[in-house]
Amino acid sequence: MRLLLAAYFYEAPAGGGIIVARMLREQLAARGHTVDVLCLDGSPETQPGTVWRLPRPAWLPVSTDRFRQILLFLNHRSFDRHFLNAAWRLPLAQQRYDFVLAQDFLGMRVARNLADRLGVPCGGTLHDTLPQQVEVGAPNAVVRGVLRRLSRRRDADLRPDLCHFDWLAAVSRHVQASAQEWLGSQAPPIDVFHNPVPPAFAGTAAELPPGPLRFLFVGRLSPEKGVDVLVDSFRQNPGPQRLTVIGLAGSLADRIRQAAAADPRIELHPAVPYSRMPEVYAAHHVVCCPVHWNEPFGLTVLEGRVTRRAVIGTRQGGLPEILEGYPRAHLLDPTPDRAQRVQTLAAALAGAAERVQRPLNLKTEAAFLRRFELSTVVDRYEERIRGSLNTRPGS
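Residues numbered from 1 in each chain as written. Predicted model: local features only at pLDDT ≥ 70, side-chain atom pairs only at ≥ 80, totals over all residues. Heavy atoms only, no water.

### Observations concerning the layout of surface pockets
To keep it simple, the criterion reads: Within this scheme a cavity is a closed region of a 1 Å grid, computed over the protein atoms alone, that accommodates a 1.4 Å probe without allowing it to escape, whereas a pocket is open but has protein on both sides within 12 Å along at least five of seven lines; lining residues each have an atom within 4 Å of a point. Grid points are joined across faces, edges and corners, and a volume is the space filled by probe spheres set on the points. A run of H or I in DSSP counts as a helix once it spans at least four residues, and a run of E counts as a strand once it spans at least two, with each numbered from the N terminus. The residue classification treats Ala, Val, Leu, Ile, Met, Phe, Trp, Tyr, Cys and Pro as nonpolar and Asp, Glu, Lys and Arg as charged. All others, Gly included, are polar.
Looking at the second largest pocket, its volume works out to about 350 Å³. If you list the elements that add at least two residues to the lining of the second largest pocket, you get α10 (299–306) and α14 (362–369). By residue class, the composition of the lining of the second largest pocket is 11 nonpolar, 2 polar and 5 charged.

### Brief notes about the sheet that holds strand β2 (residues 34–40)
Note the cut-off: DSSP bridges decide pairing: two strands pair if at least two such bridges lie between them. For helices, the fitted axis covers only the stretch in contact; all axes are lines through C-alpha atoms, and the angles between them, taken along N-to-C directions, range from 0 to 180 degrees. Any two residues whose heavy atoms approach within 4.5 Å at even a single point are treated as in contact.
One open sheet holds the 7 strands; their spatial order is β3-β2-β1-β4-β5-β6-β7, and the pairing between them is parallel. The open sheet has two free edges, formed respectively by β3 (51–54) and β7 (190–192), since each of these has just one partner strand. For this sheet the average axis-to-axis angle between neighbouring strands, irrespective of direction, equals 20 degrees. Relative to β2, helix α1 (residues 16–30) is tilted by about 155 degrees, and along the sheet it contacts β1 (2–6), β2, β3 and β4 (99–102). The sheet contacts of helix α4 (residues 108–118) involve β1, β2, β4 and β5 (122–126), and relative to β5 the element is tilted by about 165 degrees.

### Things to note about unusual backbone geometry
It is generally the case that most residues other than glycine have a negative phi and that most peptide bonds are trans. Residue L130 is joined to P131 through a cis peptide bond whose omega torsion reads -5 degrees. Checked against the element boundaries, P131 lands in the loop between β5 and α5 (141–162).

### A closer look at the packing of aromatic side chains
This is how the line gets drawn: Each aromatic pair joins two rings of Phe, Tyr and Trp (for Trp, the six-membered one) with centres within 6.5 Å, and gets the label stacked for planes under 30 degrees apart, edge-to-face for over 60, and tilted for any other angle. Working rule: Lys NZ or Arg CZ, within 6 Å of ring centre, within 35 degrees of ring normal, means a charge sits over the ring.
Counting across every chain of the model gives 10 aromatic pairs. Pairing F193 with Y381 gives two aromatic rings, centres 4.8 Å apart and planes at 90 degrees, and the pair type is edge-to-face. Of the two residues, F193 sits in the loop between β7 and β8 (214–218) while Y381 sits in helix α15 (residues 374–390), which places them 188 residues apart along the sequence. Taken together, the aromatic side chains of F99, W167, F193 and Y381 make up a single cluster linked through ring pairs. Stacked on the ring of Y10, the Lys or Arg R22 has its end atom at 5.8 Å from the ring centre. The aromatic ring of F368 is capped on one face by R305, whose charged end is 3.9 Å from the ring centroid.

### Concerning the pattern of salt bridges
Operational definition: The term salt bridge refers to a side-chain nitrogen of Lys or Arg lying within 4 Å of a carboxyl oxygen of Asp or Glu. A 1.4 Å probe rolled over the protein chains alone gives each residue an accessible area, and that area as a share of the maximum for its type sets the label: buried under 20%, exposed over 50%, partly exposed in between.
For the coordinates displayed, the defined rule picks out 23 salt bridges. Ionic pairing is found between D263 and R235, a salt bridge with its closest N-O pair at 3.9 Å. Of this pair, D263 sits in the loop between α8 (253–262) and β10 (266–269) while R235 sits in helix α7 (residues 227–236); the two residues are 28 residues apart in sequence, bridging distant segments of the chain. Taking relative accessible area as the criterion, D263 reaches 9% and is therefore assigned buried. We note a salt bridge from E365 to R305, for which the minimum N-O separation is 2.8 Å. Of this pair, E365 sits in helix α14 while R305 sits in helix α10; the two residues are 60 residues apart in sequence, bridging distant segments of the chain.

### Topic: the packing of α1 against α15
Between two packed helices, the angle of one axis relative to the other and the distance separating the axes together describe the packing. We count it as follows: Working definition: roughly parallel below 35 degrees, roughly antiparallel above 145 degrees, roughly perpendicular at 65 to 115 degrees, and oblique for all remaining angles.
Between α1 and α15, whose axes approach to 10 Å, the crossing angle comes to 75 degrees. Here α1 lies roughly perpendicular to α15, going by the angle between them. Of the residues in α15, those touching α1 at M23, L24, Q27 and L28 are L374, V378, Y381 and E382. Looking at the contact of α1 with α15 residue by residue, the classes come out as 6 nonpolar, 1 polar and 1 charged.

### Here's the deal with the side chain of Q316
Relative to the helices and strands, Q316 resides in the loop between β12 (310–314) and α11 (319–322). Excluding anything up to four places from it in sequence, Q316 contacts V291, H292, W293, N294, E295 and P334.

### Remarks on the packing of helix α3 (residues 77–88) against α4
The criterion, for reference: With the far helix as reference, a near helix turned anticlockwise by less than a right angle produces a left-handed crossing, and one turned clockwise produces a right-handed crossing.
As a packed pair, α3 and α4 sit with axes 9 Å apart at the nearest point and diverge in direction by 45 degrees. As judged from the angle between their axes, α3 and α4 are oblique. Between α3 and α4 lies a crossing of right-handed hand. Residues R77, D80, F83, L84, N85, A87 and W88 of α3 pack against R109, V110, N113, L114, R117 and L118 of α4. Classifying every residue of the contact of α3 with α4 by side-chain character gives 7 nonpolar, 2 polar and 4 charged.

### So, empty space enclosed by the protein
Taken as a whole, this structure holds 1 cavity of 30 Å³ or more when the rule is applied. Estimated volume of the largest cavity: approximately 30 Å³. What lines the largest cavity is V20, L24, P196, L374, V377, V378 and Y381. Broken down by secondary-structure element, the contributors of at least two residues to the lining of the largest cavity are α1 and α15. Here the lining of the largest cavity takes 4 residues from α15, the largest share from any one element. Its residues assigned to classes, the lining of the largest cavity shows 7 nonpolar, no polar and no charged.

### As for the sheet that holds strand β13 (residues 329–332)
Strands pair in a sheet through their backbones, by hydrogen bonds, and they do so in one of two ways: parallel or antiparallel. Pairing in this open sheet of 6 strands is parallel, and the strands run β10-β9-β8-β11-β12-β13 from one edge to the other. The open sheet has two edge strands with one neighbour each: β10 and β13. For this sheet, the mean inter-axis angle between neighbouring strands, taken without regard to orientation, is 20 degrees. Strand direction decides the pairing type here: strand β9 (residues 242–246) and β10, joined by 4 bridges, are parallel. Pairing of I246 across the sheet is with H269, part of β10. Along the sheet, helix α12 (residues 338–350) makes contact with β8, β11 (286–289), β12 and β13, crossing β13 at roughly 170 degrees.

Next comes the structure, spelled out in structure tokens:
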């Protein structure tokens, strides 16, 4: 098969969805399929193989984060038409593809219309709770209201296009439920294709490191990730324990830097190459993901479980299904009361030493994690794509 994978930020600094898109492409190619990519131009890194790059309008900012924020509200029909026409001017218009796979919510409409022009079926992966929670982390109620109104107008226009996909894959049961409710009776088939464990983490479960407890946060420094609550909670507990925060981007970056400067037990580091992340987990005892929103999946939480670390998360979004039945998990109940969140998380941090030592049934863990194995996930994508081709008229 020859596939076109559409992901606007495929070459941007890797986030969870981009990591999955790259793994999926690599594995499908290893099985003998040709997988070309359609993405936006202007990213600092480039990926190998055939990558069709859409030129960005000159007036848009170079910053990937700022560009992504603008796209959240400008991907209405006229804006998408610009990218669709730009894609059609590329040599890909003369290629013969069998299937278009959309891996980026912002490019869903462009991918579907491109599939129509190419005369092939189209599927897509939903990495987001629907409708998207774009107002999360806004500085005040006024801004939240404006963002909510803008996104609802955009989403109402986008919903019909999602209903015309041959099928959609949701990265968690939580995302599946939100999509089915939002799209209603016109929704295409929506199945759960969990994000896979990255190959770098295969077989990386390691012994716990010696010394005092080391807590780990990996992610964006923004309110919805709960990093500010984590730092405040950590500082309430005296002792030799340490907290490592990996990630420098986000609206709370300055605040977290100040906290790290004031407390020598807090270490702040920029993102490290993904191939080195198993080493990072191996040097810590507890993975912290105290999110304050409906986290669609939670790759950090999955990595914590795979490496057999204790995991502290929130009973919200897709996190509970990843930590289902895990003895070393501590799920916090969500609450809008920030002071209560700080106190509850501080208590969880203080009691983490006991949870770190809880025994695991390795057979049970292996059976549970099988659904997250890369080969399992790729099998499902391959089967779904072949099924779409077999049911097309003239197949």
